[in-house]
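Letter by letter, the chains look like this.
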Amino acid sequence: MASGGVSVASLWTEVNRCGQNGDYTRALKALTKILHENRDDVTALHCKIVCLIQNGSFKEALNVMNTHSKVLGSEVVFEKAYCEYRLNRVESALKTIEGAPEQTDKLKELYGQVLYRLERYNECKSVYTDLIRNSQDEYEEERKTNLAAVVAAMSQWESTPLEDLGLPDSTYELCYNAACTLIGQGQLTEAFNKLRQAEGQCIYKIMFVLLQDVTEEDIESELAVIHSQMAYIMQLQGRTDEALQLYNQVIKLKPSDVGLLAVTANNIITINKDQNVFDSKKKVKLTNAEGVEHKLAKKQLQAIDFNKALLSMYTNQADQCRKLSSSLQSQNPGHPRPVLIQVAQLCREKQHSKAIELLQQFSDQHPESASGIKLTMAQLYLVQGHVTKACDVLRSIEEFKHKPGMVSALVTMYSHEEDIDSAIDVFKQAIEHYQSEQPGSAVHLALVREAANFKLKYGRKKEAISDLEQLWNIWQKKHKILSKHLPSADTMAFNVDVDELENSHGATYVRKKAAKVIGETLPKEQGQVEIKKKKKKKRGKLPKNYDPKATPDPERWLPMRERSYYRGKKKGKKKEQIGKGTQGATAGASAELQASSPPTSPRPGSATGSSAAPASNIIPPRQQKPAASGATRKKAPQKKKKGGKGGW
């Protein structure tokens, strides 16, 4: 078997050379020959599994491990868990890792990835924090990037307070994850600025660090995820036109990330709503791509499914809408949105009573999610004109029934129904609630005052007096408590310079100083009274033609037109029209001829025939003046809208 030994050695040399060159296909051929000689060679089996993983043959690698599990034992725990993870068997990968005899750094790295996919973010954060603290190698930056992704996911999907882990933003991946965290915290402007920073870092890395000949399309493809997130911020800020333009640019690039395409297409659908339905139907196909379910979080997939159901409702596909909403309800039994979609579809079909029954059934089964459902029920009752039933539903919402807005709505509706007693009862219950929970608060005092005003308006004076007395007592107690903190009058008046106080910056009234009088004033004798000088009245100016003996016109104060002797302006006499008409004819003769002559054809624009109404009462239609031939009309310059386009 010497020749066989030499052959095996040369095969191992071939395997080693191919492994260094990355030619795993040729390495597999050599390993197959080695295993033909020795079927249970552990090293050869391990190398074969690694080569299959490098070639992406995860199922085949897993079959090799399962077939030789007794021989391999725990030698290939990491490889097995990794294959299960890549085949999206995340639960199996978790069991494999947790059952490993020793938790190596490689297994911990994979464990963090598995926990992230399972959306167990708190445990995942602990794993990565421990790895960063206890390891020092070239993968520290990648671990920090993964930790930043975990923090961003917690900010987006969980309502837990976040601690500052001191993560840097030295790479565009870290910067992007920091922006996602800011979005989850509602800091949209800061998040947009952070995405701008990530955009610049990404371009710099592609063009100067990688040192490759890249095209503009390559750069845009790499920036697609950043631009899609920018568009999402614009959408949240109400800049839908800019967001839609940026979303469509990302779609045109056709990035390889199916998750990015699905999210971008879904956001376009939410902007379209019930408009541009044809475009939305095309975008829905991108959300159905293979592998999307493994790329997105559960809440993202849930939102996409909700939008599919709404789109089917907007496109009048009632059966499909019911099917999708029923499926969503079975998957999320406590979530109110699938029921609301079904109710919306029933309302489109004018089945309001059935919609109310469905809402009542859900609120009875899931009281923890009944607040929004009951508000919808009240709205439907109002649509049908059942105001009292709507009030009963609103008063049954324990979470909102004492809120000032709810009290205002209930009082308004009861007043509309002229049920004053019920409106007063609403005030009473709300005041009692705040009397026990927040006595003397601003809301409590405002409700008492409004209740008193309402009762006075409807003649309930005794009840209004009771409320005002309660308000007085509360204010009196407050004043007494506050007055205890004030210093005494003696302390406040002690060593106070009045002039300095009046001349201070905060003085609202400053005493005017008396003007200085030139010369000395003599002191008045006792009993002497100061005599005030009387001012002489000036006589008014008289007209030039004034005659004191003539009697003034009694109508001189009236306008000229209203005086009794006014006869109007004299018009000049018409001159005789000499030389007009026939020779030797006078003006009267020509008038007779004109009166007796037959009517001529009417001129353009004049009334035809005789009319009883005078011509001055007829208002002709207004027409635009025709433009001169050869002339062109100029439009007035329009004012430019302020603000430019956003985007990148």
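Residues numbered from 1 in each chain as written. Predicted model: local features only at pLDDT ≥ 70, side-chain atom pairs only at ≥ 80, totals over all residues. Heavy atoms only, no water.

- An unreviewed UniProt entry lists the protein chain under the name Signal recognition particle subunit SRP72, from Anabas testudineus.
- Per UniProt, the protein chain has the following entry under Sequence similarities (unreviewed entry): "Belongs to the SRP72 family." (UniProt positions renumbered as here; feature names shortened; annotations may be inferred.)

Notes on the overall build of the protein chain
Right, on to step 1. Regarding its fold elements, the protein chain presents 29 helices and zero strands.
Right, on to step 2. When each of the 648 residues of the protein chain is scored for burial, the buried share is 31%.
Right, on to step 3. Put simply, of all contacts in the protein chain between residues at least 6 apart along the chain, 49% involve residues at least 24 apart. (Helix = DSSP H or I, 4+ residues; strand = E, 2+ residues; numbered from the N terminus. Buried < 20%, exposed > 50% of the residue type's maximum accessible area, 1.4 Å probe, protein only. Contact = heavy atoms within 4.5 Å.)

Considerations on the packing of helix 6 (residues 77–86) against helix 7 (residues 90–98)
A pair of packed helices is captured by two measures, namely the crossing angle of their axes and the spacing between those axes.
Right, on to step 1. Contact geometry for helix 6 and helix 7: axes closest at 7 Å, N-to-C directions at 165 degrees. Between helix 6 and helix 7, the crossing angle belongs to the class labelled roughly antiparallel. Two packed elements cross with a definite hand, and for helix 6 against helix 7 that hand is left-handed. Between helix 6, through V77, K80, A81, E84 and Y85, and helix 7, the contact on the second element is made entirely by V90, S92, A93, T96 and I97. (Axes fitted to C-alpha atoms, helices over the stretch in contact; angles between N-to-C directions. Parallel < 35°, antiparallel > 145°, perpendicular 65-115°, else oblique. Left-handed = near helix turned anticlockwise from the far one by under 90°.)

Looking at helix 17 (residues 298–314)
Each turn of an α-helix holds 3.6 residues, which means side chains three or four residues apart point in the same direction.
Right, on to step 1. With 17 residues, helix 17 should reach 24 Å at 1.5 Å per residue; the first-to-last C-alpha distance of 25 Å fits that figure.
Right, on to step 2. For helix 17, the full list of buried residues reads Q302, I304, F306, N307, A309, L311, S312 and M313.
Right, on to step 3. Residues of helix 17 that are buried make contact with helix 15 (258–272), helix 16 (277–287), helix 18 (318–331) and helix 19 (337–348).
Right, on to step 4. Of the residues one or two after helix 17, N316 is the one with positive phi, at around 60 degrees. (Expected span 1.5 Å × (residues − 1).)

Some details on the side chain of Q229
Right, on to step 1. Position of Q229 relative to the elements: it lies in helix 13 (residues 216–236).
Right, on to step 2. In contact with Q229, other than residues within four places in its own chain, are Y176, C180, I183 and L195.

Description of the packing of aromatic side chains
Right, on to step 1. This model, assessed by the stated rule, comprises five aromatic pairs.
Right, on to step 2. Ring geometry for F58 versus Y82: centroids 6.2 Å apart, planes at 70 degrees, classification edge-to-face. A residue pair is termed long-range when its members are at least 10 positions apart, and F58 in helix 4 (residues 58–67) and Y82 in helix 6 qualify at 24 residues.
Right, on to step 3. Owing to a relative accessible area of 11%, F58 belongs among the buried residues under this scheme.
Right, on to step 4. Positioned above the aromatic ring of F78 is the side chain of K106, whose terminal nitrogen or guanidinium carbon lies 4.8 Å from the ring centre.
Right, on to step 5. One cation-aromatic arrangement involves R239 over F192; the distance from NZ or CZ to the ring centre is 5.8 Å. (Phe/Tyr/Trp six-rings, centres within 6.5 Å; stacked < 30°, edge-to-face > 60°. Lys NZ or Arg CZ within 6 Å of the ring centre and 35° of its normal.)

A short note on the packing of helix 11 (residues 172–184) against helix 13
Right, on to step 1. Orientation of helix 11 relative to helix 13, taken along the N-to-C sense of each, is 20 degrees, at an axis distance of 12 Å. Accordingly, the angle class assigned to the pair helix 11 and helix 13 is roughly parallel. In the packing of helix 11 onto helix 13, the handedness of the crossing is left-handed. Only E222, V225, I226, Q229, Y232, I233 and L236 of helix 13 make contact with helix 11, whose side of the interface consists of Y172, Y176, C180 and I183.

Concerning helix 8 (residues 105–117)
Right, on to step 1. In this model, helix 8 (13 residues) spans 19 Å end to end at C-alpha, consistent with the 18 Å of a helix rising 1.5 Å per residue.
Right, on to step 2. Turning to helix 8, its buried residues are L107, L110, Y111, G112, V114 and L115.
Right, on to step 3. In the core, the buried residues of helix 8 are packed alongside helix 6, helix 7 and helix 9 (121–134).
Right, on to step 4. Following helix 8 by one or two positions, E119 has its phi on the positive side, about 60 degrees.

Brief notes about the pattern of salt bridges
Right, on to step 1. One pass over the structure, following the stated rule, counts 21 salt bridges.
Right, on to step 2. Residue R395 pairs with D425 through a salt bridge whose shortest N-O separation is 2.8 Å. Here R395, found in helix 22 (residues 387–395), pairs with D425, found in helix 24 (residues 420–437); they are 30 residues apart in sequence, far enough to count as distant.
Right, on to step 3. The salt bridge partner of E398 is K401, with a shortest N-O separation of 3.3 Å. (Salt bridge = Lys/Arg side-chain N within 4 Å of Asp/Glu carboxyl O.)

A short note on a nonpolar patch on the surface
Right, on to step 1. A contiguous nonpolar patch, built from Y204, M207 and F208 and spanning about 350 Å² of accessible area, is present on the exposed surface.
Right, on to step 2. One can find F208 in helix 12 (residues 188–209). (Patch = residues over 30% accessible without salt bridge, like charges linked within 9 Å, V, L, I, M, F, W, Y side chains within 5 Å. Areas by Shrake-Rupley, 256 points an atom, 1.4 Å probe, with all protein chains shown as cover.)

Regarding the side chain of S280
Right, on to step 1. Among the structural elements, S280 can be located in helix 16.
Right, on to step 2. Exposure remark for S280: the relative accessible area of 0% places this residue in the buried category.
Right, on to step 3. Setting aside its immediate chain neighbours within four residues, S280 contacts I269, N272, Q275 and L311.

Considerations on the environment of S441
Right, on to step 1. Position of S441 among the secondary structure elements: in the loop between helix 24 and helix 25 (442–457).
Right, on to step 2. For S441 and I474, which are 33 residues apart along the polypeptide, the C-alpha to C-alpha distance reads 10.0 Å.

Brief notes about unusual backbone geometry
A negative phi angle characterises most non-glycine residues, just as the trans form characterises most peptide bonds.
Right, on to step 1. One non-glycine residue, N276, lies in positive phi territory at about 50 degrees.
Right, on to step 2. Within the element layout of this structure, N276 appears in the loop between helix 15 and helix 16.
Right, on to step 3. Looking at N276, the relative accessible area reads 47%, which means it is partly exposed.
Right, on to step 4. Backbone geometry places N316, a non-glycine residue, at a positive phi of 60 degrees.
Right, on to step 5. Residue classification places N316 among the exposed positions, given a relative accessible area of 61%.

Considering the confidence of the model for the protein chain
Right, on to step 1. For the protein chain, the average pLDDT comes to 81, and 78% of its residues sit at 70 or higher.
Right, on to step 2. When pLDDT is averaged over each element of the protein chain, helix 15 comes out on top at 95 and helix 29 (residues 587–596) at the bottom at 39.
Right, on to step 3. Below a pLDDT of 50 lies the segment residues 575–648, which in the model reaches 20 contacts outside its immediate sequence neighbourhood of four places, other chains included. (pLDDT = per-residue confidence, 0-100.)

Here we look at the state of the cysteines
Right, on to step 1. All chains considered together, the criterion is met by zero disulfides.
Right, on to step 2. Here C47 stays unpaired: no disulfide links it, and the sulfur of C51, its closest cysteine neighbor, is 6.6 Å away. (Disulfide = S-S within 2.5 Å.)

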